[in-house]
Amino acid sequence: MTAVEQMFCFQCEQAANGKGCTRLGVCGKDAEVAALQDELMEAAKGIALYADGAAKLGARDRAIDVFVVQALFTTLTNVNFDPQRVQEFVSQAQTVTAKAKAMYEKAAKAAGQTPQEMKVWQPENGEPIILRRRKAQGDDITSLQELLTYGLKGMAAYADHAQILGQEDPAVYAYFHHALALLARGEASAADLTAEALKCGEVNIRVMELLDAANTGAYGHPEPTKVRITPVAGKCIVVSGHDLKDLHDLLVQTQGKGINVYTHGEMLPCLAYPALKKFKHLVGNYGGAWQDQAKEFDAFPGSILMTTNCIQKPRDTYKARIFTSGVVAWPGVTHIAAKADGSKDFTPVIQAALAQPGFAADEPEKTIMVGFARNAVLSVAGAVIDAVKAGKIRHFFLVGGCDGAKPGRNYYTEFAQAVPEDCVILTLACGKFRFNKLPFGDIGGIPRLLDVGQCNDSYSAVVIAQALAKAFGVGVNDLPLSLVLSWYEQKACVILLSLLSLGIKNIRLGPTLPAFVTPNVLKVLVDNFNIMPTTTAQNDLAAILK
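The rules behind these values
Residues numbered from 1 in each chain as written. Predicted model: local features only at pLDDT ≥ 70, side-chain atom pairs only at ≥ 80, totals over all residues. Heavy atoms only, no water. 1 Å grid on protein atoms, 1.4 Å probe; cavity = no way out; pocket = protein on both sides within 12 Å on 5 of 7 lines; lining within 4 Å. Points joined across faces, edges and corners; volume = space filled by probe spheres on them. Helix = DSSP H or I, 4+ residues; strand = E, 2+ residues; numbered from the N terminus. Buried < 20%, exposed > 50% of the residue type's maximum accessible area, 1.4 Å probe, protein only. Pairing = 2+ DSSP bridges. Core = buried A, V, L, I, M, F, W, Y, C linked by side-chain atoms within 4.5 Å. Contact = heavy atoms within 4.5 Å. Axes fitted to C-alpha atoms, helices over the stretch in contact; angles between N-to-C directions. Parallel < 35°, antiparallel > 145°, perpendicular 65-115°, else oblique. Left-handed = near helix turned anticlockwise from the far one by under 90°. Nonpolar A, V, L, I, M, F, W, Y, C, P; charged D, E, K, R; others polar. Lys, Arg positive; Asp, Glu negative; His and termini not counted. Salt bridge = Lys/Arg side-chain N within 4 Å of Asp/Glu carboxyl O. Arc of directions from axis to C-beta. Phe/Tyr/Trp six-rings, centres within 6.5 Å; stacked < 30°, edge-to-face > 60°. Right-handed = clockwise from strand over helix to strand, strands pointing away. Polar contact = N/O pair within 3.5 Å; in protein donor to acceptor, adjacent residues only side chain to side chain.

Glancing now at empty space enclosed by the protein. With the rule as written, the count across this model stands at 12 cavities of 30 Å³ or more. A volume near 480 Å³ is recorded for the largest cavity. Lining the largest cavity are 40 residues, and of these Leu485, Ala492, Ile495, Leu496 and Leu499 lie nearest its centre. At the level of elements, helix 5 (139-164), strand 9 (395-401), strand 10 (423-428), helix 15 (458-472), strand 14 (481-486), helix 16 (490-501) and helix 17 (519-529) are the ones that each hand at least two residues to the lining of the largest cavity.

Written out as structure tokens, the structure reads:
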């Protein structure tokens, strides 16, 4: 292996030089972690070969299902940077493989069949796995394999959140095994892989439906809520990531302790859930999107809890007071592990908060509105439809997605600011922090900026679009609705696949196109769905409204 081939990763938007990270990930992932994550992915494919074979014979094991999903999730961008933790997954994968093999062989024999030998990947030294596959299978096949792989990784994140709150579907687990087994065999054609990527998007709609049911079932439907975005005096904890249950359990454990709790990043929408906002010490949101966390956490005078993905390398100034949970990890950072019953003891987070000074005084109050998920928007759908028919609302724009640190993302701020005053902006995920504190006003009492929620709440946006299309008696592509999306990691990939699986066209995607998508694969997407790269805010807006 040459000096420039210590690793290879191009799964996120910030891939070095627009091609791929070869020495150290832009995210902070080093070559050791990259190799272990590659090994874990290949091990998951091996497990899936047996689990898929068993499923076709009517056998399954929930523990195997959940492990495969968590294995995929732990390889997502900005999740697990700790080689020891990833190695634990790799070691566990060997045990799970043996268990899956035994399950398959037992099911085959029970069905009167001779068990097939599965070609399970074995680790070997040499250049990174993706580069080896490129040489063996060509750039386009590898590109489509990675598109499907990243879709599965993104879907795994949503599936893991849902199962933590008790929402699962055996058919979804079976699909994970089927798709991973397809990748493991390495025999699928370009057409088959393209179809499978769209199927992944279709299944992900079901997964997002499960997650929506999990969140709303546990904490109620989000309500339009005014959220404070300036600190108040007192001891404090800030919670970042995406996990609603972690936030809820921390709120329960901090009651009566004189500690204020703030959300950060994608946790902002949590303040609109009835069962979460009832806690009086959940006082507001602190900071913005994930890429600003080093500066923001450095200045935060309390402790920090990172749930799920979006962690960056912690500065030494706050490394002792940041904690991780779930699959997220960073070397040297204290991890709050789940107990056998799934509960977590956040005592270390609480003690660290009490040891910090907290905010000395209240800052002048500033607020923003959140909570415009599907239930809230559809409850006023009549007024929205009337406003459209009366010509008061000309167009809807969904401007959202992942934020990131690379230049070019000011486009989304400029676009939102340039949207005419007779148009409504729907937004979700952390991309909204580019503009969600700006004043947009309203149209006849309907806010011009509607925050639908987390990237995890993309299901809400789909339901809203489908409901409007039904109300107007047209297809989604015929609505006065345009999608202008920003992407960063694999959850954005699977959301895009979900939209394409619904036949949605004319999506503008930026700030750059994925490095893992070859020109030939891009041409297929353009020819079939008219996907367009973003250009300038003014040019794109003029083209849409022309």
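So, on to the pairing of strand 5 (residues 303-307). Counted residue by residue, strand 5 has 5 buried out of 5 residues, so it is predominantly covered. Burial along strand 5 is two-sided: Ser303, Leu305 and Thr307 and Ile304 and Met306, pointing in opposite directions, are all buried. In terms of strand pairing, strand 2 (residues 235-240) meets strand 5 through 4 bridges, oriented parallel. Its bridge partner being in strand 5, Ile237 is matched across the sheet by Ser303. By the bridge criterion, 4 bridges tie strand 5 to strand 6 (residues 322-325) in an arrangement that is parallel. Within strand 6, the residue paired with Leu305 across the bridge is Phe323.

On to the nonpolar core. If you look at the biggest cluster of nonpolar residues, it comprises 177 residues, and the most contacted ones within it are Leu72, Leu152, Met155, Phe176, Leu247, Tyr262 and Leu276. Once residues within four sequence positions are removed from consideration, Leu72 is found in contact with Met41, Ala44, Leu152, Lys153, Ala156, Phe176 and Leu180. One finds Phe397, Tyr411, Ala416 and Leu541 within the second-largest nonpolar core, a separate group that totals 16 residues.

Time to look at the packing of helix 2 (residues 62-74) against helix 5. Following both chains from N to C, one finds helix 2 and helix 5 inclined at 125°, their axes separated by 8 Å at the closest point. One finds that helix 2 runs oblique with respect to helix 5. Here helix 2 and helix 5 pass one another in a crossing that is left-handed. The segment helix 2 lies against helix 5, with Arg62, Val66, Val69, Gln70, Leu72 and Phe73 engaging Leu152, Lys153, Ala156, Ala157, Ala159, Asp160, His161 and Gln163. Split by residue class, the contact of helix 2 with helix 5 holds 8 nonpolar, 3 polar and 3 charged.

Within the secondary structure, Asp82 sits in the loop between helix 2 and helix 3 (83-110). Buried within the structure, Asp82 lacks any salt-bridge partner; its nearest side chain of opposite charge belongs to Arg85, at an N-O separation of 5.7 Å. If we skip the residues at most four places from it in the chain, Asp82 touches Val33, Ala329, Trp330 and Pro331.

Let us look at helix 13 (residues 381-389). Among the residues making up helix 13, those that are buried are Ala381, Val384, Ile385, Ala387 and Val388. Angular distribution of buried residues about the axis of helix 13 spans 160°; they occupy a single face of the element. Turned more than 90 degrees off the buried face of helix 13, the exposed positions are Asp386 and Lys389. As for helix 13, its buried residues are in contact with helix 12 (374-379), strand 9, strand 12 (446-447) and helix 15. Just past helix 13, the residue Gly391 takes up positive phi, approximately 80°.

What follows deals with the sheet that holds strand 5. Strand order in the open sheet made by the 6 strands is 4-3-2-5-6-7, with parallel pairing throughout. Either end of the sheet is taken by a strand with one partner, and the two such strands are strand 4 (282-285) and strand 7 (334-336). Taking each pair of neighbouring strands and ignoring which way they run, the sheet shows an average axis angle of 30°.

Taken together, the 6 strands give an open sheet; going across it, the order is 13-10-9-14-15-16, and neighbouring strands pair in parallel fashion. Each end of this open sheet is capped by a strand with a single partner; those strands are strand 13 (449-453) and strand 16 (532-533). By the bridge criterion, 3 bridges tie strand 14 to strand 15 (residues 508-510) in an arrangement that is parallel. Across the sheet, the residue bridging to Leu485 is Leu509, located in strand 15. In this fold helix 14 (residues 410-418) packs onto strand 9, strand 10, strand 14 and strand 15, with an angle of close to 155° to the strand it touches most, strand 14.

Take the packing of helix 14 against helix 18 (residues 537-545) next. Relative to each other, helix 14 and helix 18 sit at 45°, their axes nearing to 9 Å. As judged from the angle between their axes, helix 14 and helix 18 are oblique. The way helix 14 lies across helix 18 gives a crossing that is right-handed. Residues Tyr411, Glu414, Phe415 and Ala418 of helix 14 pack against Ala537, Gln538, Asp540, Leu541 and Ile544 of helix 18. Class assignment for the residues of the contact of helix 14 with helix 18 results in 6 nonpolar, 1 polar and 2 charged.

Moving on to the packing of aromatic side chains. For the structure shown, the criterion picks out 18 aromatic pairs. On the numbers, 4.9 Å between centres and 80° between planes, the contact of Tyr411 with Tyr412 is edge-to-face. Across this residue pair, the class does not change: Tyr411 and Tyr412 are buried. Here a set of aromatic residues connected by ring pairs shows up, and it is made of Phe8, Phe10, Tyr150, Trp487 and Phe516.

Consecutive side chains of a regular strand alternate in pointing toward one face of the sheet and then the other. The buried fraction of strand 10 amounts to 6 of the 6 residues, a majority that puts the element mostly inside the structure. Pairing geometry for strand 9 and strand 10, over 4 bridges, is parallel. Within strand 10, the residue paired with His395 across the bridge is Cys423. In the classification by handedness, the crossover that spans strand 9, the intervening helix 14 and the parallel strand 10 is right-handed. The pairing of strand 10 with strand 13 spans 4 bridges and is parallel. When the bridges of strand 13 are listed, Leu428 appears paired with Gly453.

By the secondary structure assignment, Asn285 is in strand 4. In this structure Asn285 comes out as buried when scored by relative accessible area, which is 2%. Separated by 23 residues in the primary sequence, Asn285 and Tyr262 have C-alpha atoms spaced 5.0 Å apart. Not counting chain neighbours up to four residues away, the residues in contact with Asn285 comprise Val227, Arg228, Ile229, Thr230, Tyr262, Thr263, His264, Gly265, Leu268, Leu271 and Phe433. Polar contacts involving the side chain of Asn285 include one to the main-chain amide nitrogen of His264, which spans 3.5 Å. Here the side chain of Asn285 touches Gly287 through a polar contact of 3.2 Å, landing on its backbone oxygen.

Geometric descriptors of this kind do not, in isolation, establish any biological role.
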